[in-house]
Structures are given as structure tokens and as C-alpha cells.
Amino acid sequence: DIDNGRKEALFFTLLNSRVLMRIIEAVCADFGVDLSEGIKHIDFDITNKAFISLFKSVSGKESYNEAEIIENEICNLADSVLINYDFPTVNELLLWNVIERGTILYKQKPINKKLLIMLDDIQDLSPKQRILISKLLQGVFPTARWIAERYQDLRPEDIIEPGANEGREYKIHRLEHWASQSKAKFQKGLVDIASKRVRMSGIVDVSSFEVLLETVENKTTYESKYCLAVDTIYSRINSNSQYGFNDWINKTINMEGNLFEKAVALRELEILIERKKRRENTLFPEIEFPVLEMDKMSSTSVQNAAKLFISKEFKIPYYFGIDILKTLSSWNIEQFLNICGNLFSEIMAAATLRKSKQPILAAMRQQAIIKDIAKKRLDEMPIRITNGSQIKNLVLNLANLCQKLTYAPNAPYAPGVTGFAIGSSDWDNLCSSSFLEKKPRLKNLAYVLRDAIAYNILEVRMPVFCKHHEWVVLYLNRLYCANYWLPLDYGGFKEQKLDLLLQWLEAPTEGITKEGLFKDA
């Protein structure tokens, strides 16, 4: 409980101390020497009084040691009841101002290289710290600077100073927008990273991560399940279809293909029959519907829904293989590496125990690991992130809605629903500070959505035009989709009013089974 001025002074002092240590470490790395050796030869050509007062010296070794002491003392203060300190502080981006080309010396010679100071994940700062940093970095500095954050704020005026000129004072790069527009390049980069890490491990003798992951479409391991799916769905269609669909059934059951393809075709047929029944009001129910009509109703989206339905019903792996992993990344490299890391840990364990240089991770095990990662993230949400309890409620209620709509008998949103949409006017209100000041509950909703977007729990698509209206769509992170047997496609969403979203924040949906599935799905 101290005043804001002292809080900011401690924050900036800690930040500058850490930046100084990183700069010295970077110089040593650039010259290819260990820190313990290289630091002896580093000095700073700086006369700034604040720099000398804070770090006590322009010697690389002495200033580094002082920065470490400051870091430890401030971290101890954060855990202390009493805030007492006697070291000097700064209230500015000191290092950004005083470090420039030629001010760093190595063996008494200036380093004439450009310097870039990068701050990553600034969404993890408090809102006040983040806004302050963002605005200060729009000033004029002799160093280049970069800040990276997950797009989170619903109020652009909090990020960019009014009147600032984009392209001159600052430039914004929406990396996720680039990734979504350059999907093939982004996903190729993901696979390259995973494969390089596999090769660096030296545990397995392969050049690609992909070859370590089992695929199952034609594996004999699952033939009994495919056979059960064909028999069960065929029996269900015969008992429920009544008149008019014999030609459709005969064509489907006599199609060429393996058991999995037949199961998918029959499950698609079941969906198409349900759709036809809901639309058809013929006076002649005994007349057979032409096969051509079935062919016209068939689509890739319905076939994808059928694959998902079969996998869930007959416990056949669905979330496995490199293509699925790329999609599960949700345009987030860190998330992709976390998933791959967990899979590779299991592969390494198998390689060690079986002394195999090419162990293959079974598809069912891949899926189990992926679902386990998603469940752990969901369970940790209340303690890991700001507004975590309300965000978890939002996820649970959204997942419940998505399952109900996805697994409806006629699959109306095939292959399924994975998000919700807010009208553009409602979104504008959530972005308006003046509007939110009069609506405290909606202000809370705006902050919850902001944090959910910041932590990559929701993905934003805007604008989307549907039903003659403009919408902002928020999709569930693909990893959480896997936890609830939802498709990984984008496109399926349901429009929602803000009042319902407010209800979602208050409590999770009832009726969740221990497997994390909803009873009425």
C-alpha cells in the first residue's frame, strides 16, 4: 500500500536493471565469449548522472553486479510487508535514452552496431504499467525499440497516444493477421521448428517430427471400431428412415471404399436424411427421393461433421497427426511448442525404455495428451490469469452451447460451432470508455473479453458479414475445442446478446461430466 509514484519508480528501476544485464549478456554472446570472461572487457561511454547514480559505475562488471543487487532487493520488497529501501531509483526508460551506437565499449573499442531493445509479453504487466510503457515508448530515443503483446485491449486510445502518426512515430504489426493470411508459410515454420528441436535432441534418428506421429485412417488397429460404426449407423438408419430413402441407403451401403470411408458416408447420410425430413412436407411419402438430390445435399462440411461424430461416438482418435497439431496452435508458436514438447517427452521416454531410434506415438495417445494439456490449462485458469474464474465460466458455457449446436441430429452448422458473435454496435459500446463508465457490469465484461483475447483463449475475427449484419466473432482457442470434441474448422458461430454473455460469467453450465463433456451433447 504505497503511492503510485514509488510504485512506478520501483517498476522502472527493476526494468532498467534487467535491460542492462541483458545488454551485457548480448555483447558477450555477440563476441562468442562466456559472460564470466566477456564482462571483464565491457565498459560504457556514458556520463549520464542518473545512470551512474543507479549502477554506481560505467564498468560492465560492476554495473552488472549492481543491477543484480537492485533486482534482488526489489523482488524481496515485492514479498515484504514493509516497503523500505535506500537505493536510488529512476522513473523513466533510462537505458533507452543513454545507450546508443558507440556507447558500449569492448576491450576499449566502441561497438558500432545498432541496438534494438525488445519487450515481449507486455500484456502480462498490470494495465497501468502496460499503458504507461506503450505511451512512453512512442517518444524519441536513440535506440530502436520493439514491444510485443497479445492483442487484447478493446480501447485503442489506451495503446496509441492521440495524434501520433503511424508509420512515423510508430508502426503496428499484427502478426496473427499475417499468420492467418499466410497460413501455409506460418504452419511450415511451425513444423520446421519442431523438426529442428527433434534433431537437436539426439534421442531419435529422424529428420522430421511428423514421422514420429501415427496416423490411423487405414490402420488395422481400428478396423473393429470402423466395423462397429458401419453396423450401428446402418441399423439406426434402417429403423428410423421410414419411406423415401431406400435409394439413398442402397447407394451409400454399396459404395466402394474402406470401412472408415463407408462409416463416414453412412453418418453423412444419417445427417442428410434428418435434414430432408425436417424440410419435406410431401403428400406422397411412399415416393422415393432421387439419388441426385442426396448428391446435391452432400458437402465437405457435412462429411467433416460425420468424421467428428463417428470419432466421438465410437472412441476413434480424431486429434492426432501433424496437420492437427498445426491447427491446434491457434496461431500461437508457444502453444504449438508446448503441445509438441509434451508429445515428444512421451516419445523420448519410449525411445529410452525400448531403445528404439524411431518410436511412433500412437494416435490415441496423442489425443489423450492433447486433451490432458487442454484440461490442465482450463483447471489452472482461475489462478494463472487475470479474471480467470470468469473466463473459465465463459469457456464452459461457450463449450456447452457449441456442443449442443454441433451435435444436433441435422448438424445445422456443419462441421460445427466453435465461437460466438457480437453485433458491431455492441462491440463499439464495449470499446467506448464513456459508455462503459455508465455500465459497470458491461465494463467488467469488456475487461474479461480483453483478458480472454490477451491470453489467446478467444480468437477475434472482425468484421464478419452475416444475415445482412456486421459481426465481431470470437472463436474458442483450438486447443480447448479438442477438450470438448469440437471441430477445428472456423466459420461456425452463434450470435449472442451481451446480457447472455454477462450470465455466462456468473456461473458455469450445470451437468458437466467428469470427462469434461456435456450430458446433452
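Preceding block: the structure.
Residues numbered from 1 in each chain as written. Predicted model: local features only at pLDDT ≥ 70, side-chain atom pairs only at ≥ 80, totals over all residues. Heavy atoms only, no water.

**Quick look at the overall build of the protein chain**
Logical step 1: Per the secondary structure count, the protein chain includes 22 helices and 9 strands.
Logical step 2: Classification of the 521 residues of the protein chain by burial places 47% in the buried group.
Logical step 3: Both charge centroids of the protein chain, one from 67 positive and one from 67 negative side chains, sit 2 Å from each other. (Helix = DSSP H or I, 4+ residues; strand = E, 2+ residues; numbered from the N terminus. Buried < 20%, exposed > 50% of the residue type's maximum accessible area, 1.4 Å probe, protein only. Lys, Arg positive; Asp, Glu negative; His and termini not counted. Charge placed at Lys NZ, Arg CZ, Asp CG, Glu CD.)

**Re the pattern of salt bridges**
Logical step 1: Counted according to the given criterion, the structure contains 20 salt bridges.
Logical step 2: Ionic pairing is found between K40 and E37, a salt bridge with its closest N-O pair at 3.5 Å.
Logical step 3: Salt-bridge contacts for K188 lead to D192; the nearest nitrogen and oxygen are separated by 3.2 Å. Taken together, the positions of K188 and D192, both in helix α8 (residues 183-201) and 4 residues apart, correspond to about one turn of that helix.
Logical step 4: The class for K188 is exposed, based on a relative accessible area of 52%. (Salt bridge = Lys/Arg side-chain N within 4 Å of Asp/Glu carboxyl O.)

**A short note on a negative patch on the surface**
Logical step 1: Residues D120, D121, D124 and E334 make up a contiguous surface patch of negative charge.
Logical step 2: By the element assignment, D120 lies in the loop between β4 (116-119) and α6 (127-136).
Logical step 3: With a relative accessible area of 58%, D120 lands in the exposed category. (Patch = residues over 30% accessible without salt bridge, like charges linked within 9 Å, V, L, I, M, F, W, Y side chains within 5 Å. Areas by Shrake-Rupley, 256 points an atom, 1.4 Å probe, with all protein chains shown as cover.)

**What about unusual backbone geometry?**
Logical step 1: The amide bond that connects A414 to the next residue, P415, takes the cis arrangement and shows omega of 0 degrees.
Logical step 2: With respect to the helices and strands, the residue P415 is situated in the loop between α17 (388-406) and β6 (419-423).
Logical step 3: Despite not being glycine, K107 shows a phi value in the positive range, around 55 degrees.
Logical step 4: At N387, a residue that is not glycine, the phi angle is positive and equals roughly 60 degrees.
Logical step 5: Among the secondary structure elements, N387 is positioned in the loop between α16 (363-384) and α17.

**As for the sheet that holds strand β1 (residues 42-44)**
Sheets are built from strands that pair by backbone hydrogen bonding, the pairs being arranged parallel or antiparallel.
Logical step 1: Taking strand neighbours across the sheet as the criterion, the 3 strands line up as β1-β2-β3 in an open arrangement whose pairing is antiparallel. Only two strands of the sheet have a single partner each, and these edge strands are β1 and β3 (109-110).
Logical step 2: In terms of strand pairing, β1 meets strand β2 (residues 104-106) through 3 bridges, oriented antiparallel. For D43, the partnering residue across the bridge sits in β2 and is L105. (Pairing = 2+ DSSP bridges.)

**What about the packing of helix α1 (residues 4-30) against helix α4 (residues 60-78)?**
Logical step 1: The contact between α1 and α4 brings their axes to 9 Å, and the two run at 140 degrees. Taken as a pair, α1 and α4 cross one another with a handedness that is left-handed. Together, L10, T13, L14, S17, R18, L20, M21, R22, I24 and E25 of α1 and G60, S63, Y64, A67, E68, I70, E71, I74, C75 and L77 of α4 make up the contact between the two elements. (Axes fitted to C-alpha atoms, helices over the stretch in contact; angles between N-to-C directions. Left-handed = near helix turned anticlockwise from the far one by under 90°. Contact = heavy atoms within 4.5 Å.)

**Details of the packing of helix α10 (residues 246-253) against helix α11 (residues 259-279)**
Logical step 1: Closest axis-to-axis distance for the α10/α11 pair is 10 Å, and the angle between their directions is 165 degrees. The pairing of α10 with α11 is recorded here as roughly antiparallel in orientation. Seen from above, α10 lies across α11 with right-handed handedness. Residues W248, I249, T252 and I253 of α10 lie in contact with α11, whose contacting residues are K262, A265, L266, L269, L272, I273 and K276.
Logical step 2: Grouping the constituent residues of the contact of α10 with α11 by class yields 8 nonpolar, 1 polar and 2 charged. (Parallel < 35°, antiparallel > 145°, perpendicular 65-115°, else oblique. Nonpolar A, V, L, I, M, F, W, Y, C, P; charged D, E, K, R; others polar.)

**A closer look at the side chain of K371**
Logical step 1: Among the structural elements, K371 can be located in helix α16.
Logical step 2: The exposure class of K371 is buried, given its relative accessible area of 16%.
Logical step 3: Not counting residues within four places of it along the chain, the set of residues in contact with K371 comprises Y319, A482, N483 and W485.

**Regarding a nonpolar patch on the surface**
Logical step 1: On the surface, a cluster of nonpolar side chains totalling about 400 Å² of accessible area is made up of L116, M118, W146 and L175.
Logical step 2: Its place among the elements puts L116 in strand β4.

**As for the sheet that holds strand β7 (residues 458-466)**
Logical step 1: On the basis of which strands lie adjacent, the open sheet formed by 4 strands has the order β7-β8-β6-β9 and mixed pairing. Strands with a single pairing partner mark the edges of an open sheet, and in this sheet they are β7 and β9 (493-495). Averaged over all neighbouring strand pairs, the angle between strand axes comes to 30 degrees, with direction disregarded.
Logical step 2: For β6 and β9, the ladder comprises 3 bridges, and the chain directions are parallel. The partner of A421 across the bridge, within β9, is E495.

**Side note on the packing of aromatic side chains**
Logical step 1: For the coordinates displayed, the defined rule picks out 16 aromatic pairs.
Logical step 2: Between F209 and F344 the ring centres are 6.3 Å apart and the planes differ by 75 degrees, which places this aromatic pair in the edge-to-face class. Taken together, the positions of F209 in the loop between α8 and α9 (223-240) and F344 in helix α15 (residues 333-354) put the pair 135 residues apart, joining distant regions of the chain. With respect to burial, F209 and F344 carry one shared label: buried.
Logical step 3: Taken together, F44, F51 and F55 form an aromatic cluster joined through their ring pairs.
Logical step 4: The residue whose ring lies beneath K312 is Y407, and the NZ or CZ to ring-centre distance is 5.0 Å. (Phe/Tyr/Trp six-rings, centres within 6.5 Å; stacked < 30°, edge-to-face > 60°. Lys NZ or Arg CZ within 6 Å of the ring centre and 35° of its normal.)

**Focus on the nonpolar core**
Logical step 1: Ranked by size, the top nonpolar core spans 109 residues in total, and within it F209, L325, L458 and L474 carry the most contacts.
Logical step 2: Considering every element that reaches this core, the biggest residue donor is α17, with 9 residues.
Logical step 3: With 43 residues, the next largest nonpolar core counts F12, F55, V98 and F141 among its residues. (Core = buried A, V, L, I, M, F, W, Y, C linked by side-chain atoms within 4.5 Å.)

**What about helix α13 (residues 300-314)?**
Logical step 1: The first and last C-alpha atoms of α13 sit 21 Å apart over 15 residues, in line with the 21 Å expected at 1.5 Å per residue.
Logical step 2: For α13, the complete set of buried residues consists of V302, A305, A306, L308, F309, I310, S311 and F314.
Logical step 3: Among the structural elements, α9, α11 and α17 are those in contact with the buried residues of α13.
Logical step 4: K315, located one to two residues past α13, shows a positive phi value of around 55 degrees. (Expected span 1.5 Å × (residues − 1).)

As far as function goes, none of this settles anything; it's purely spatial.
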